[in-house]
Amino acid sequence: MPTHQIEIHYCKQCRWLLRAAWMAQELLTTFDEEITTLTLKPGTGGIFEVRVNSTLIWSRADEGRFPDIKELKQRVRDQVAPEKDLGHSERS
């Protein structure tokens, strides 16, 4: 039984809710068997972070940009289902 939790912490001042919600939708669709909880957490100060089971897998501050959905799915997959084939998201 899956027990993986994802949190997307986004800046509400920067109006990044739609971006965070779209990424959440993509992750929920791709990992519907692996994820038990996906939380959108509003914040301030330009934050955009993604955590899987409390482990930071993406930080806009560290990376200097937003993730492509392809690379975000790959990083989530590496945490929740390393054997999962992502189909077209795996190809370059």
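Here is what the cut-offs are and how they apply
- Residues numbered from 1 in each chain as written.
- Predicted model: local features only at pLDDT ≥ 70, side-chain atom pairs only at ≥ 80, totals over all residues.
- Heavy atoms only, no water.
- Buried < 20%, exposed > 50% of the residue type's maximum accessible area, 1.4 Å probe, protein only.
- Helix = DSSP H or I, 4+ residues; strand = E, 2+ residues; numbered from the N terminus.
- Pairing = 2+ DSSP bridges.
- Axes fitted to C-alpha atoms, helices over the stretch in contact; angles between N-to-C directions.
- Parallel < 35°, antiparallel > 145°, perpendicular 65-115°, else oblique.
- Left-handed = near helix turned anticlockwise from the far one by under 90°.
- Contact = heavy atoms within 4.5 Å.
- Nonpolar A, V, L, I, M, F, W, Y, C, P; charged D, E, K, R; others polar.

You'll find the chain entered in an unreviewed UniProt entry as Rdx family protein, with Bythopirellula polymerisocia given as the organism.

(A) Local environment of the pairing of strand 3 (residues 48–52). Counting buried residues along strand 3, four of its five residues qualify, which places the element largely inside the surrounding structure. By the bridge criterion, five bridges tie strand 1 (residues 4–11) to strand 3 in an arrangement that is antiparallel. The partner of His-9 across the bridge, within strand 3, is Glu-49. In the sheet, strand 3 pairs with strand 4 (residues 55–59) via four bridges, with the strands oriented antiparallel. The partner of Val-52 across the bridge, within strand 4, is Thr-55. The antiparallel hairpin formed by strand 3 and strand 4 contains two residues in its connecting segment, where Asn-53 sits at a positive phi of about 50°.

(B) Structural context of the packing of helix 1 (residues 17–30) against helix 3 (residues 69–80). For the pair helix 1 and helix 3, interaxial distance at closest approach is 11 Å and the crossing angle is 50°. The angle between helix 1 and helix 3 falls in the class oblique. Judged by the twist between their axes, the crossing of helix 1 over helix 3 is right-handed. Taken together, the residues of helix 3 that come into contact with helix 1 (itself represented by Trp-22, Met-23, Glu-26, Leu-27 and Thr-30) are Ile-69, Leu-72, Lys-73 and Val-76. Class assignment of the residues belonging to the contact of helix 1 with helix 3 gives a composition of six nonpolar, one polar and two charged.

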